[in-house]
Number of protein chains: 4
Amino acid sequence: MKRLSADPGTQPTPEVGTDTAATRGYIHRKDEHLKRLKRIEGQARGLQRMVEEEQDCIDILTQVAAMTKALQTSALRLLDDHLRHCVMHAAETGGEVPDERLREASQAIERLMRV
Amino acid sequence: MKRLSADPGTQPTPEVGTDTAATRGYIHRKDEHLKRLKRIEGQARGLQRMVEEEQDCIDILTQVAAMTKALQTSALRLLDDHLRHCVMHAAETGGEVPDERLREASQAIERLMRV
Amino acid sequence: MKRLSADPGTQPTPEVGTDTAATRGYIHRKDEHLKRLKRIEGQARGLQRMVEEEQDCIDILTQVAAMTKALQTSALRLLDDHLRHCVMHAAETGGEVPDERLREASQAIERLMRV
Amino acid sequence: MKRLSADPGTQPTPEVGTDTAATRGYIHRKDEHLKRLKRIEGQARGLQRMVEEEQDCIDILTQVAAMTKALQTSALRLLDDHLRHCVMHAAETGGEVPDERLREASQAIERLMRV
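A few words on the state of the cysteines. For the coordinates displayed, the defined rule picks out zero disulfides over all chains. Cys57 of chain B forms no disulfide, and the closest cysteine sulfur to it belongs to Cys86 of chain A, at a distance of 3.8 Å. With relative accessibility at 11%, the residue Cys57 of chain B sits in the buried group.

Now for the relation of the copies chain D and chain C. Put simply, the second copy of the chain is the first one after a rotation about an axis and a shift along it. Of the transformation placing chain D onto chain C, the axial shift is 0.0 Å and the rotation is 180 degrees, giving an RMSD of 0.0 Å. Each copy turns onto its partner about a two-fold axis. Taking the C-alpha atom as reference, chain D places Glu41 of chain D closest to the rotation axis, 2.7 Å from it. Interface overlap between copies is the fraction of interface residues in one copy that are interface residues in the other; for chain D against chain C it reaches 100%, indicating a shared surface.

Below, the discussion takes up the interface of chain D and chain C. Opposite the 44 residues of chain D that make contact, chain C presents 44 residues. The contact between chain D and chain C buries some 4,400 Å² in all, and 70% of this surface belongs to carbon and sulfur atoms. Linking Arg45 of chain D and Glu41 of chain C is a salt bridge whose minimum nitrogen-to-oxygen distance equals 3.1 Å. Across the contact surface, chain D and chain C share ten residue pairs in polar contact (both at pLDDT 80 or more). Of all elements in the fold, only α1 (2-5), α2 (21-52), α3 (57-93) and α4 (97-113) of chain D reach the threshold of two or more residues within the side of chain D that touches chain C.

Further remarks concern empty space enclosed by the protein. Scanning the model with the defined rule gives four cavities of 30 Å³ or more in all. For the largest cavity, the calculated volume is near 180 Å³. Residue lining of the largest cavity: 16 residues in total, with Met113 of chain A, Met113 and Val115 of chain B, Met113 of chain C together with Met113 of chain D positioned closest to the centre. The set of elements that each furnish at least two residues to the lining of the largest cavity consists of α4 (97-113) of chain A, α4 (97-113) of chain B, α4 (97-113) of chain C together with α4 of chain D. Residues of the lining of the largest cavity, tallied by class, amount to twelve nonpolar, four polar and no charged.

This brings us to the pattern of salt bridges. A full pass over the atoms with the stated rule returns 50 salt bridges over all chains. The closest approach of N and O atoms between Asp99 of chain D and Arg84 of chain A, which form a salt bridge, is 3.6 Å. Linking Asp99 of chain D in helix α4 with Arg84 of chain A in helix α3 (residues 57-93), this pair reaches from one chain into another. Assessed through its relative accessible area of 49%, Asp99 of chain D is described here as partly exposed. One salt bridge in this structure joins Lys38 of chain D and Glu41 of chain D, with 3.7 Å as the shortest N-O distance. Residue Lys38 of chain D and its partner Glu41 of chain D are both found in helix α2; the two are separated by three residues, about one turn of the helix. Shared partners join several salt bridges into a network, and the residues in it are Arg29, Glu32, Arg36, Asp80, Asp81 and Arg84 of chain A together with Asp99 of chain D.

Turning to the side chain of Thr68 of chain D, a few remarks are in order. Checked against the element boundaries, Thr68 of chain D lands in helix α3. Among all residues touching Thr68 of chain D, those that are not within four sequence positions of it are Thr68, Leu71, Gln72 and Val115 of chain C.

With that settled, consider α3 of chain A. Residues and elements named next belong to chain A. Compared with an ideal rise of 1.5 Å per residue, which puts 37 residues at 54 Å, α3 spans 52 Å between its outermost C-alpha atoms and is within 8% of the ideal. The axis of α3 is deflected most strongly, by about 30 degrees, at Leu83. Counting buried positions along α3 gives 26 out of 37 residues, so the element sits mostly inside the fold. Near the N-terminus of α3, the side chain that reaches the backbone nitrogen of Ile58, with its oxygen 2.8 Å away, is that of Asp56. Positive phi appears at Gly94, one or two residues downstream of α3, with a value of about 75 degrees.

Relative to the helices and strands, Ala66 of chain B is located in helix α3 (residues 57-93). Counting along the chain gives eleven residues from Ala66 of chain B to Arg77 of chain B, while the straight-line C-alpha distance between them is 17 Å.

Orientation of α3 of chain A relative to α3 of chain B, taken along the N-to-C sense of each, is 165 degrees, at an axis distance of 10 Å. Classified by the interaxial angle, the pair formed by α3 of chain A and α3 of chain B is roughly antiparallel. Every pair of crossing elements has a handedness; the one defined by α3 of chain A and α3 of chain B is left-handed.

The rules behind each value
Residues numbered from 1 in each chain as written. Chains lettered and ligands numbered in written order. Predicted model: local features only at pLDDT ≥ 70, side-chain atom pairs only at ≥ 80, totals over all residues. Heavy atoms only, no water. Disulfide = S-S within 2.5 Å. Buried < 20%, exposed > 50% of the residue type's maximum accessible area, 1.4 Å probe, protein only. Least-squares fit on C-alpha atoms with pLDDT ≥ 70 in both. Contact = heavy atoms within 4.5 Å. Buried area = accessible area lost by both parts, 1.4 Å probe. Salt bridge = Lys/Arg side-chain N within 4 Å of Asp/Glu carboxyl O. Polar contact = N/O pair within 3.5 Å; in protein donor to acceptor, adjacent residues only side chain to side chain. Helix = DSSP H or I, 4+ residues; strand = E, 2+ residues; numbered from the N terminus. 1 Å grid on protein atoms, 1.4 Å probe; cavity = no way out; pocket = protein on both sides within 12 Å on 5 of 7 lines; lining within 4 Å. Points joined across faces, edges and corners; volume = space filled by probe spheres on them. Nonpolar A, V, L, I, M, F, W, Y, C, P; charged D, E, K, R; others polar. Expected span 1.5 Å × (residues − 1). Bend = angle between axes of the 7 residues up to and from the residue. Axes fitted to C-alpha atoms, helices over the stretch in contact; angles between N-to-C directions. Parallel < 35°, antiparallel > 145°, perpendicular 65-115°, else oblique. Left-handed = near helix turned anticlockwise from the far one by under 90°.

Right, here's the structure in full:
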């Protein structure tokens with residue numbers, strides 16, 4: 001979570017091995033996020049195989065929909081972690097940081113809803 | 001395009017090397033579809049690297065949105081080819097096939113719009 | 001279905017009271033489409049009342065999601081009718097019309113998927 | 001903002017005329033939200049007129065896409081206000097409230113992304 005470490009006055013940088021509650025939460029879920037993205041990479045390869053083998057268009061489109069759904073789930077989990085740790089942490093530290101974090105988060109949600 | 005070849009009375013099967021207008025269109029675009037899916041697979045790998053390197057949440061979410069958009073483009077191109085070849089071919093042959101193709105196409109569109 | 005009547009060489013214009021299979025299908029479902037849109041208008045009014053009464057944000061957002069879903073259903077039904085009648089009719093008449101209809105339909109699907 | 005007033009230990013209830021920073025922000029934007037929803041109601045009526053007048057399918061679908069976009073904008077603005085006021089307020093008060101607010105917010109985002 002380099003974003004938070006860019007705010008050196010309010011918390012120790014994760015790079016030096018500290019494990020604040022915020023950072024721990026992130027590390028714990030990192031494997032989950034990676035596993036989910038690994039599976040999505042597999043779906044992208046599966047789709048290429050389906051096209052190579054000239055499988056049924058409708059079956060391919062069904063797989064594209066399933067992969068898009070998996071990607072949206074991945075986005076929702078990352079966003080939840082972001083709100084729960086980065087934004088909440090900013091809220092606790094106060095100042096102008098929370099506003100900036102919320103502006104960024106809202107823009108990220110907009111980009112995800114308007115793909 | 002096995003779907004159409006499952007309809008043996010109305011056209012030669014693509015497997016035996018025939019190249020009807022419908023099949024040719026498909027073969028021509030196959031490389032485009034594969035190239036697009038290959039790029040999407042690369043985006044899935046790039047996202048894993050970003051998570052591994054603990055990059056900024058917002059930057060990761062921006063990449064997820066970009067990848068979702070690329071996947072939707074892939075779906076739209078596949079769907080366009082499907083309507084243009086499979087559905088139109090069915091329309092020309094007549095009988096009950098067009099109804100079935102349209103029902104399938106509408107369901108596919110619904111699955112893509114409701115990810 | 002003025003779109004088809006703009007193609008005067010291939011079919012009688014609906015305005016003069018003809019009822020081809022294509023036109024009949026459209027007229028039959030018109031009430032369904034209107035009923036659906038009427039309900040959506042009611043949802044828009046319900047949302048205004050919720051905001052006026054300063055109801056819970058989350059409850060309002062839940063209603064916005066429900067209304068968006070209803071609107072997407074409306075779009076899917078209109079699109080299905082369009083493919084089933086206008087595009088299929090174009091396929092049967094042949095010439096350059098089907099290509100143009102498919103191009104339009106794919107663009108419409110893209111606009112709906114990328115709201 | 002009845003949600004927050006349901007938490008009587010942490011702030012005065014808005015009903016008795018208090019105007020905390022959180023509540024003021026909400027009141028200020030209420031007119032904007034209502035104006036946006038009013039416009040959306042007008043779009044729903046316009047769509048009914050288009051169907052009544054049997055206008056071009058594609059033009060109707062274009063309007064449905066525009067209306068869906070307007071509704072998503074409305075959702076994004078309401079959500080931004082919710083995060084900015086209700087969730088941030090919860091973050092400042094602490095306890096178990098922030099977790100509950102974040103859980104609700106993530107679920108709302110999921111409902112909006114998965115219409």
